[in-house]
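One-letter residues, chain by chain:
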Amino acid sequence: MEEKELAELFHLVGRRLRHGYVARLVPLGLNPGQARALRVLAGAARPLRMVRLAEELRIVPRSLTPVVDALEAAGLARREVDPANRRSTLVVITPRGRELSGRARDARRRSGEELFAVLPEAQREQLRGLLALVDAQFH
């Protein structure tokens, strides 16, 4: 059997992690983009302008519109006019959106726990440290 490159293995494991996460989001009525938007909104000190939310999610503002539309339709967020700049729109997370954000965070955590359960705790901690080191080079 041919040995896989590190990048290929990382990609395969990441894909398995995403599939497990998506499977846990479906019963919540969310997709990963909506869950990410809720996570950012829940973590913000105050409602965010649409442009700022798009920046936080690293997407263009026009790509955010359908995400916010879906969150609004589900009662998880609402748009409000920014009183500081009437031309800007704020996105406000609702109590139900905050609760669902927590459940989505738990779903992501459980997906990771299930995927990496094959590793003893010491190896999971070592992997966490190695990945943090790789990620730190970009900050």
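Residues numbered from 1 in each chain as written. Predicted model: local features only at pLDDT ≥ 70, side-chain atom pairs only at ≥ 80, totals over all residues. Heavy atoms only, no water.

Enquirer: Just checking my understanding: could you explain the overall build of the protein chain for this structure?
Expert: Counting its regular elements, the protein chain contains six helices and three strands. Overall size of the protein chain, expressed as C-alpha extent along the three principal axes, is 60 × 35 × 25 Å. Here the protein chain, with 139 residues, has 27% of them falling under the buried criterion. Taking contacts inside the protein chain between residues at least 6 apart in sequence as the whole, the part at least 24 apart equals 48%. With the model as given, the accessible surface of the protein chain reaches about 9800 Å², and the carbon-plus-sulfur share is 56%. In the protein chain, which carries 25 positive and 17 negative side-chain charges, the distance between the mean positions of the two groups comes to 6 Å. (Helix = DSSP H or I, 4+ residues; strand = E, 2+ residues; numbered from the N terminus. Buried < 20%, exposed > 50% of the residue type's maximum accessible area, 1.4 Å probe, protein only. Contact = heavy atoms within 4.5 Å. Areas by Shrake-Rupley, 256 points an atom, 1.4 Å probe, with all protein chains shown as cover. Lys, Arg positive; Asp, Glu negative; His and termini not counted. Charge placed at Lys NZ, Arg CZ, Asp CG, Glu CD.)

Enquirer: Just to check I follow, could you spell out the pattern of salt bridges for this structure?
Expert: Opposite charge on two side chains makes pairing possible when the charged atoms of those side chains draw close. What the rule picks out here adds up to 13 salt bridges. We note a salt bridge from Glu 125 to Arg 128, for which the minimum N-O separation is 2.2 Å. Here Glu 125 pairs with Arg 128, and both are found in helix 6 (residues 121-136), just three residues apart, close to one helical turn. With a relative accessible area of 40%, Glu 125 lands in the partly exposed category. Salt bridges sharing partners connect three or more residues here, namely Arg 52, Glu 55 and Glu 56. (Salt bridge = Lys/Arg side-chain N within 4 Å of Asp/Glu carboxyl O.)

Enquirer: Please clarify how the side chain of Ser 88 should be interpreted in this entry.
Expert: With respect to the helices and strands, the residue Ser 88 is situated in strand 3 (residues 85-93). For Ser 88, the residues in contact, after removing those within four places along its chain, are Arg 49, Glu 80, Val 81 and Asp 82.

Enquirer: Just to check I follow, could you spell out the nonpolar core for this structure?
Expert: For soluble globular proteins, the rule of thumb is that nonpolar side chains tend to be buried together. If you look at the biggest cluster of nonpolar residues, it comprises 25 residues, and the most contacted ones within it are Leu 30, Leu 53, Leu 64 and Leu 71. If you list the elements that add at least two residues to this core, you get helix 1 (6-25), helix 2 (32-43), helix 3 (50-57), helix 4 (61-73), strand 3 and helix 5 (95-115). In this view, Leu 30 contacts Leu 25, Ala 35, Leu 38, Leu 71, Leu 76, Leu 100 and Ala 104; residues no more than four positions away in its chain are not counted. (Core = buried A, V, L, I, M, F, W, Y, C linked by side-chain atoms within 4.5 Å.)

Enquirer: What's the story with a positive patch on the surface in this structure? I'm lost.
Expert: A contiguous patch of positive charge, built from Arg 36, Arg 39, Arg 58, Arg 105 and Arg 108, is present on the exposed surface. Structurally, Arg 39 can be placed in helix 2. Given a relative accessible area of 34%, Arg 39 falls into the partly exposed group. (Patch = residues over 30% accessible without salt bridge, like charges linked within 9 Å, V, L, I, M, F, W, Y side chains within 5 Å.)

Enquirer: What is the right way to look at the sheet that holds strand 3 in this model?
Expert: Picture the strands of a sheet paired through backbone hydrogen bonds; they go either parallel or antiparallel. Sheet architecture is open: three strands sit in the order 1-3-2, paired in antiparallel fashion. The sheet is open, and its two edges are formed by strand 1 (48-49) and strand 2 (77-82), each paired on a single side. Pairing between strand 1 and strand 3: two bridges, direction antiparallel. Each bridged residue has a counterpart across the sheet, and for Arg 49 the counterpart in strand 3 is Leu 90. (Pairing = 2+ DSSP bridges.)

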